Amino acid sequence: KAAFEPLAPASLTKLMTALVTLENASLDETVRLGEEVLITEPGARLCYFQPGDILTVEQLLCASLIYSGNDAAAALAVHVGGSEQDFVNMMNEEARRLGATSTKFKNSHGLDADGHVTTVYDLYLIFSRCLEYDDFCRMIAMSSYDCTYQTAEGTSKQVTWLNSNGFMNGAASLSADMKMLGGKTGTTEDAGKCLLVYTEDVQGRRYISILLGAADDTILYDEMNRLLQKIAE
């Protein structure tokens, strides 16, 4: 339904951020964070990194994909692209290569911005390309991620980030006869509640299911369960 309607994708944007990162950086690269992590937008989901903190690309990808940290995505953008804008240009170039012709990204994290849009079909194309990376599949399948990194003060900090996907963190029950392989959530005022899930049925067939613009979490997960039940029938 409305698969080609341009809509705000919220943090499903981070799928493209991950893809461009995986195409242009190694997981073990060290990243010293800068001012880009100081995001002040009300309600933004943050890992609360500080300038000078040191993490690896893999740690930032996990923070971005699993926990959906906007500051993690911004840090990846600057590391890979040299600047947020140059990285966004890389995102849009990749969208064109994939045939995601209705997509226009304005940032790396998905916080609301005028003209920052994609479509359900384009997200399917982007996610399908992401699945070609084993490391991506491994990351999105984690229910949580334990991270130890060096702070700007030189001390070691340990954190655990829970997966923002309710089907994977226990907040929502999967009612269909499906195995959850991973996915990505997103929430902003413009986009509403968004969810992409990657599932497998009892015959081993795999599916990408996407819902955008739900009013709240209850509707989002109820509607996704209804969709998955139809697939499983």
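Structure: above.
None of the values given here were measured: they were computed from a predicted structure.

Turning next to the pairing of strand β7 (residues 206-214). On a regular strand, each side chain points to the face opposite its neighbour's, so the side chains alternate between the two faces of the sheet. The pairing of strand β6 (residues 192-200) with β7 spans seven bridges and is antiparallel. What sits directly across from Leu 196, in β7, is Ile 210. Hairpin geometry of β6 and β7 is characterised by an intervening segment of five residues between the two adjacent antiparallel strands and by a positive phi of about 85° at Gly 204.

Quick look at the packing of helix α3 (residues 70-81) against helix α4 (residues 84-98) now. Describing two packed helices takes the angle between their axes plus the distance from one axis to the other. Running from amino to carboxyl end, α3 crosses α4 at an angle of 85°, the nearest separation of the two axes being 8 Å. Between α3 and α4, the crossing angle belongs to the class labelled roughly perpendicular. Judged by residue contacts, Ala 74, Leu 76, Ala 77, Val 78, Val 80 and Gly 81 of α3 engage Glu 84, Asp 86, Phe 87 and Met 90 from α4.

By the element assignment, Thr 188 lies in strand β5 (residues 179-188). You can call Thr 188 buried: its relative accessible area is 13%. Spatially, the C-alpha atoms of Thr 188 and Ile 39 are 15 Å apart, while their sequence positions differ by 149 residues. Beyond its immediate stretch of four places on either side in the chain, Thr 188 contacts Ala 10, Gly 110, Leu 111 and Asp 112. A distance of 3.0 Å separates a polar side-chain atom of Thr 188 from the backbone nitrogen of Ala 191.

On to the pattern of salt bridges. Summed over all chains, the structure comprises nine salt bridges. A salt bridge links Glu 23 to Arg 129, with the shortest nitrogen-to-oxygen separation between them at 3.3 Å. Residue Glu 23 is found in helix α1 (residues 14-24), and its partner Arg 129 is found in helix α5 (residues 120-130); the two are separated by 106 residues along the sequence. Glu 23 gets classed as partly exposed once you look at its relative accessible area, which sits at 26%. Among the ionic pairs, Arg 206 bridges to Glu 200, the shortest N-O distance being 2.8 Å. Accessibility expressed as a relative area gives 17% for Glu 200, which makes it buried. Salt bridges sharing common partners tie together Glu 23, Arg 129 and Glu 132.

Attention now moves to the packing of α1 against α4. In the contact formed by α1 and α4, the axes pass within 10 Å of each other and the chain directions differ by 95°. In terms of their interaxial angle, α1 and α4 are classed as roughly perpendicular. Contacts from Met 16, Thr 17, Leu 19, Val 20, Thr 21, Glu 23 and Asn 24 in α1 reach Phe 87, Met 90, Met 91, Glu 94, Ala 95 and Leu 98 in α4. Its residues assigned to classes, the contact of α1 with α4 shows eight nonpolar, three polar and two charged.

Attention now moves to α4. Look at α4: 21 Å from first C-alpha to last across 15 residues, which is about the 21 Å you get at 1.5 Å a residue. For α4, the complete set of buried residues consists of Phe 87, Val 88, Met 91, Asn 92, Glu 94 and Ala 95. All buried residues of α4 fall inside an arc of 160° around its axis, so they share one side. Counted as exposed and oriented over 90 degrees from the buried face of α4: Arg 96 and Arg 97.

Pairing is antiparallel across the open sheet formed by three strands, whose spatial order is β5-β6-β7. The sheet is open, and its two borders are formed by β5 and β7, each paired with just one other strand. In this sheet, neighbouring strand axes are inclined to one another by 10° on average, regardless of whether the strands run parallel or antiparallel. Examined bridge by bridge, β5 and β6 share nine bridges and lie antiparallel to one another. What sits directly across from Gly 182, in β6, is Tyr 198. Set on the sheet, helix α8 (residues 217-232) makes contact with β5, β6 and β7; between it and β7 the angle comes to about 150°.

As a further point, take the pairing of strand β3 (residues 144-150). Covered by surrounding structure in β3 are Tyr 145, Cys 147 and Tyr 149 only, the residues Ser 144, Asp 146, Thr 148 and Gln 150 on the alternate face being uncovered. Sheet topology places β3 next to strand β4 (residues 156-162); seven bridges connect them, and they run antiparallel. Bridge assignment links Tyr 145 to a residue of β4, and that residue is Trp 161. Hairpin geometry of β3 and β4 is characterised by an intervening segment of five residues between the two adjacent antiparallel strands and by a positive phi of about 90° at Gly 154.

About the cut-offs
Residues numbered from 1 in each chain as written. Predicted model: local features only at pLDDT ≥ 70, side-chain atom pairs only at ≥ 80, totals over all residues. Heavy atoms only, no water. Pairing = 2+ DSSP bridges. Helix = DSSP H or I, 4+ residues; strand = E, 2+ residues; numbered from the N terminus. Axes fitted to C-alpha atoms, helices over the stretch in contact; angles between N-to-C directions. Parallel < 35°, antiparallel > 145°, perpendicular 65-115°, else oblique. Contact = heavy atoms within 4.5 Å. Buried < 20%, exposed > 50% of the residue type's maximum accessible area, 1.4 Å probe, protein only. Polar contact = N/O pair within 3.5 Å; in protein donor to acceptor, adjacent residues only side chain to side chain. Salt bridge = Lys/Arg side-chain N within 4 Å of Asp/Glu carboxyl O. Nonpolar A, V, L, I, M, F, W, Y, C, P; charged D, E, K, R; others polar. Expected span 1.5 Å × (residues − 1). Arc of directions from axis to C-beta.

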